[in-house]
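Coordinate inspection notes
Okay, here's what each chain looks like letter by letter:
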Amino acid sequence: MAFTITACVLLGIIILCLLKFLAGGTGLVLLGKELRSFFFSPIAWVVLALVMLLNGLSFTAALADLREGERSVTLTAYTFNSIQFWLAYFFIFPVITMRLFAEEQKLGTIETLLTAPVTTIQLLLAKYLAAVCFYIILWLPSLLNFMLFQMNSTDDHASIGSLAGSYTIILLVGMFNIAIGCLASALTKNQLVAAMTCFTFCLLHFLLGFILQNLSVPDAFRETVTHFSTQIHVRAFIDGLIDTRQIIYYTSFSVLLLSITYHVLEFRKWKV
Amino acid sequence: MIKVSNLTKRFVGRTAVDAISFNVEPGEIVGFLGPNGAGKTTTIRILTGYMPATSGSAMIAGHDIFKESLKAQQRIGYMPENVPLYDDMRVKEYLRFRALLKGMRGREAKNGIAEAIDLCGLSEMRSKMIGTLSKGYRQRVGLADALIHNPELLILDEPTNGLDPNQIRRVRKLIKQLGLSHTILISTHILSEVEMTCDRVIILDRGKIRAADTPKNLIKHLRTAGHISIEINAAADIAANAIKKIPRVKKVIKESTEQEWTRFTVRAESGTDVREDIVKLANENNWALREIHSHGASLEDVFVELTQSPPTD
Ligand SMILES: Nc1ncnc2c1ncn2[C@@H]1O[C@H](COP(=O)(O)OP(=O)(O)O)[C@@H](O)[C@H]1O
Ligand SMILES: [Mg+2]
C-alpha cells in the first residue's frame, strides 16, 4: 500500500516537472543545444569508442569462456559481471556530467541563460535529460552484440529476461549516477573537481556492500546498508528479476539528487 | 521603463548597492557611471533577474522583476560584462539558439537573426566559430544576442570594455543608432562614453547614487569650477605665492617657463571665478599678463570630485 502511494507520488512529481519542462518549448530548445554540444565535442566520441571496445572485449571473453563447456550462468550475466565492464562503467559518469554546469559557471554563460526567459528547472532537466540520452545511446552498440548473437545461434542462449533485466538496471543505476554528477557539477566551476566528486560518490555507492563486509559493524546495520548496495541489485536484475522496489529506489533518489541540484543552482543564482 | 526604488543588495560583510532609487523613461539612453566596484554590475544583475535584491523593488516595463521575472526578462536585451559566449558554436548557430530560447519560432526567428546580424555588422562572421573571433566581434555577437528579440529595453554592462579605439567608436555609433528605437541603460567607468552617448547620467559610487542628471546640467550645477590657465611675466615663486593668497584659490601649479614668462594653472573653489582677482593682482604688482583663460569643468572633474572626496552624507 505505502509502496503504491510512493510510486504514485513519484510519478506525479516526474510528470509535473516534465510539464514545466515542456512549457513553451524552451526546455526542448535547451535539450537540443545540450545534445548538440555532446556530439560536437570529441569527449563523446572517445567515450563511445572506448565503451564499445570494452563491451566488445567482455562479450568476446564471455563467449570464449562459454565455449569451453557447460556453465551455470547466462551469456548476459557473464558479460555484465566482468571486471572490464565495471572498470569502464564508472568512468562514464564523470566524463559525461562534469561539464554540464561547471563549464557554464566558468564561462559565465549561466548568466546569459538565466537572464533569458528560462526557468532553473528547465535548465536542470535539459542538462540531465541530455546526459541520460547520451548514456542510453552509449549502450545501444552493446545491445547489438547480443542481437547479432541471437540471430546466429541455434538455441536461445541470451535469455530475454536476463537481457531486459540487465539493461533496466544499467539504465536505473545510470540515471542515479548522472544525478550525482549533475549535483557535483553544479557545486563547482572546476570540471576536474566535479569529475572527481562524481567518481568518488558513484563508486562509494556501488561498493557499499563490499566495504562493510570487512568492517566490524553490527549485523543489523550491515544488513540495512546492504539493501542499498548496487552490487546486489545488479546481480538480481541480471538474473532476470526485475524488482519494482529497486526501480522506485533509484528513481526516487535521482529525483532527490536533482532537487538538491535545483536548490544549489538557485542558491548560486542568488549569490554569484 | 525601469523603476527602481530603495534597492539594496548586501553580500557577506559588504553592501554592494545601498538603497538606490532611479527611473528610466522610455526612449532614454541612460549612462550608469561609476568607478570599479561601485555596484554597477550588481544593480544590473538585479534588474535582469539574475540575483534578487536584499530589499527594495525593481519594475521593468510594469513587471516586477522578482515576481514576474519571465515576463520582465522577455522585455530586456542584456549583454553581461565580459560577454560570456560559447566558444564552440558558430555565430549563426549561437544566435539561432538564443532566438529560440527567447521564444521566437520559424520565420520570426529567421528574420530576427538576419536583422541582428545586419545591424551589428556580423555578415562576414556568421559562419565563424565564436572562439576564433576578435574581442570586438565577440562584443558585437553579444550585442546581436541582446537585441535579437527586439526588446524595448537594452541593458549593456561595460559594452566597450577591452576594445581598441576604432572598435570603441564603432560600438558607440551602434549604441547611438540603437538609441533611436530602444531604451538603453549602459554601465561604464569611462567618462567620455557617457558624455558622447547618453541623455542622462547616473553617477554611482560605493553603492550610492551621487548624482543623476544630464551631462550638461551636471557640469553646470555641480559644485565644481574648472581651472584657469594664466601666463604671466614675473618671478615664478613670488607670483605663485601671491596668487595663492587670493581668497578661494585652492591650488596653483607651475606648468612651464619660457624666458621670463611663466604658465600657471589655478584651481579655485567650486562655483567661483577668481579671474578678476588675478588681473587686479597683476596690475598692482606691474606684472605683464599675456593670457588668462578659464576652462569649463568637464564631466571628468565632476566625476573625480564626486567619487574621490569622502561622502558627505
Ligand atoms: N557575488 C559576490 N559576492 C560578494 N561580493 C560581491 C559579489 N559580487 C560583487 N561583490 C562586491 O560588490 C561590489 C560591487 O561590485 P560590482 O557591482 O561588480 O561593481 P562594478 O560593476 O561597479 O565594478 C564590489 O566591491 C564587489 O567586491
Ligand atoms: Mg562591473
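Everything here concerns the structure above.
Predicted model only: the values in this text are computed from it and were never measured. (Residues numbered from 1 in each chain as written. Chains lettered and ligands numbered in written order. Predicted model: local features only at pLDDT ≥ 70, side-chain atom pairs only at ≥ 80, totals over all residues. Heavy atoms only, no water.)

1. Some details on empty space enclosed by the protein
Stated formally: Using protein atoms alone on a 1 Å grid, points that fit a 1.4 Å probe yet trap it form a cavity, whereas open point sets bounded by protein on both sides within 12 Å along at least five of seven lines form a pocket; residues with an atom within 4 Å of a point count as lining. Grid points are joined across faces, edges and corners, and a volume is the space filled by probe spheres set on the points. By definition, any uninterrupted DSSP run of H or I lasting at least four residues is a helix, any uninterrupted run of E lasting at least two residues is a strand, and each is numbered from the N terminus. Residues are sorted three ways: Asp, Glu, Lys and Arg are charged, Ala, Val, Leu, Ile, Met, Phe, Trp, Tyr, Cys and Pro are nonpolar, and all the rest, Gly among them, are polar.
Under the criterion given, the structure shown has 5 cavities of 30 Å³ or more. Put simply, the largest cavity is a space of about 60 Å³. Thr115(A), Ala116(A), Pro117(A), Gln73(B), Ile76(B), Gly77(B), Tyr78(B), Arg98(B), Lys102(B) and His149(B) are the residues that line the largest cavity. Looking at the lining of the largest cavity, the element that brings in the most residues is strand β6 (residues 76-79) of chain B, giving 3 residues. Its residues placed into classes, the lining of the largest cavity shows 4 nonpolar, 4 polar and 2 charged.

2. Here's the deal with the pairing of β6(B)
All names here are of chain B. Definition in use: We call a residue buried when its accessible area falls under 20% of the maximum for its residue type, exposed when it is over 50%, and partly exposed in between, using a 1.4 Å probe and counting protein chains only. Each pair of strands is called paired provided DSSP finds at least two bridges between the two strands.
Where burial is concerned, the two faces of β6 agree: the one with Ile76 and Tyr78 and the one with Gly77 and Met79 are both buried. Here β6 pairs with strand β7 (residues 153-157) via 4 bridges, running parallel. In the strand pairing of β7, tyrosine 78 is matched with isoleucine 155.

3. Digging into the nonpolar core
Threshold: Here, nonpolar core refers to any group of buried Ala, Val, Leu, Ile, Met, Phe, Trp, Tyr and Cys residues whose side-chain atoms link them within 4.5 Å. We call two residues in contact whenever any of their non-hydrogen atoms come within 4.5 Å of each other.
Residues Tyr89(A), Tyr135(A), Trp139(A), Ile2(B), Phe22(B) and Leu47(B) are the most contacted members of the largest nonpolar core, which totals 147 residues. Leave out the neighbours within four places in its chain, and Trp139(A) touches Val51(A), Asn55(A), Phe85(A), Tyr89(A), Ile92(A), Tyr167(A) and Ile170(A). Counting residues in hydrophobic clusters, the runner-up holds 19 residues, among them Ile230(B), Ala240(B), Phe264(B) and Ala268(B).

4. Regarding the packing of helix α3 (residues 42-67) of chain A against helix α8 (residues 120-152) of chain A
In helix packing, the relevant descriptors are the interaxial angle and the interaxial distance, both defined with respect to the helix axes. Residues and elements named next belong to chain A. Note the cut-off: Working convention: axes come from line fits to C-alpha atoms, limited for helices to the stretch in contact. Angles between N-to-C directions cover 0 to 180 degrees. If an angle is under 35 degrees, it is roughly parallel; if it is over 145, roughly antiparallel; if it lies from 65 to 115, roughly perpendicular; otherwise it is oblique. Helix crossings fall into two classes, left-handed where the near helix is turned counterclockwise from the far one by less than a right angle and right-handed where it is turned clockwise.
Where α3 meets α8, the axes come as close as 10 Å, and the angle between the chain directions of the two elements is 30°. If you check the angle between α3 and α8, you find them roughly parallel. For the pair α3 and α8, the crossing hand works out as right-handed. Across the interface between the two elements, Ala44, Val47, Leu48, Val51, Met52, Asn55, Gly56, Phe59 and Leu63 from α3 touch Phe134, Ile137, Leu138, Trp139, Pro141, Ser142, Asn145, Phe146 and Phe149 from α8. Tallied by class, the residues present in the contact of α3 with α8 amount to 14 nonpolar, 4 polar and no charged.

5. With respect to a nonpolar patch on the surface
All names here are of chain A. The cut-off we apply is this: In this analysis, a patch consists of residues with relative accessible area above 30% that form no salt bridge, clustered at 9 Å for like charges and at 5 Å for the nonpolar side chains Val, Leu, Ile, Met, Phe, Trp and Tyr. Only the protein chains shown count as covering a residue, and every accessible area follows the Shrake-Rupley method with a 1.4 Å probe. Just to be clear on terms, a salt bridge is a Lys or Arg side-chain nitrogen sitting within 4 Å of an Asp or Glu carboxyl oxygen.
A contiguous nonpolar surface patch, about 450 Å² in accessible area, is contributed by Phe201, Leu204, Phe210, Ile211 and Leu215. Of all the elements in the fold, those that place two or more residues in the nonpolar patch are α10 (191-206) and α11 (208-213). Mapped onto the secondary structure, phenylalanine 210 falls in helix α11. Judged by its relative accessible area of 39%, phenylalanine 210 is partly exposed.

6. A look at the sheet that holds strand β2 (residues 14-24) of chain B
Residues and elements named next belong to chain B. Reading across from one edge, β2-β1-β4-β5 is the order of the 4 strands in this open sheet, with antiparallel pairing throughout. Two strands lie at the open edges of the sheet, namely β2 and β5 (63-64), each paired on one side alone. The sheet contact formed by strand β1 (residues 2-11) and strand β4 (residues 55-60) spans 5 bridges and is antiparallel. Note that in β4 the partner of serine 5 across the bridge is serine 57.

7. Let's talk about unusual backbone geometry
The phi dihedral of Val83(B) falls on the positive side, at around 40°, and the residue is not glycine. Its location among the elements puts Val83(B) in the loop between β6 and α3 (91-101).

8. Overview of the environment of Leu101(B)
Residue placement: Leu101(B) occurs in helix α3. Relative accessible area serves as the criterion here: at 1%, Leu101(B) is assigned to the buried category. Taking the C-alpha atoms as reference points, Leu101(B) and His149(B), separated by 48 residues in sequence, lie 10.0 Å from one another. If we ignore the near neighbours within four places in the chain, the residues touching Leu101(B) are Thr26(A), Val29(A), Leu30(A), Leu113(A), Ala116(A), Pro117(A) and Val118(A).

9. What to know about the packing of helix α2 (residues 26-39) of chain A against helix α6 (residues 99-107) of chain A
Residues and elements named next belong to chain A. Contact geometry for α2 and α6: axes closest at 12 Å, N-to-C directions at 95°. Classed by the angle they form, the pair α2 and α6 counts as roughly perpendicular. Taking contact as the criterion, the partners of Glu34, Ser37 and Phe38 in α2 are, on α6, Arg99, Leu100 and Glu104. Within the contact of α2 with α6, the residues separate by chemical class into 2 nonpolar, 1 polar and 3 charged.

10. As for the packing of aromatic side chains
Which entries qualify depends on this criterion: Pairing of aromatic side chains requires ring centres within 6.5 Å, counting the rings of Phe and Tyr and the six-membered ring of Trp. Pairs whose planes differ by under 30 degrees are stacked, by over 60 edge-to-face, and all others tilted. In our convention, an over-ring charge means Lys NZ or Arg CZ found within 6 Å of a ring centre and within 35 degrees of that ring's normal.
Per the stated rule, a full pass over the model turns up 19 aromatic pairs over all chains. Geometrically, the ring pair formed by Tyr89(A) and Trp139(A) is tilted, given 6.0 Å between the ring centres and 45° between the ring planes. In this pair, Tyr89(A) sits in helix α5 (residues 83-97) while Trp139(A) sits in helix α8, placing the two residues 50 residues apart along the sequence. Using a relative accessible area of 1% as the deciding quantity, one classes Tyr89(A) as buried. With relative accessibility at 6%, the residue Trp139(A) sits in the buried group. Through successive ring pairs, a cluster of aromatic residues spans Tyr89(A), Phe90(A), Phe93(A), Tyr135(A), Trp139(A) and Phe206(A). One residue, Lys33(A), lies across the ring of Tyr86(B), its end atom 4.1 Å from the ring centre.

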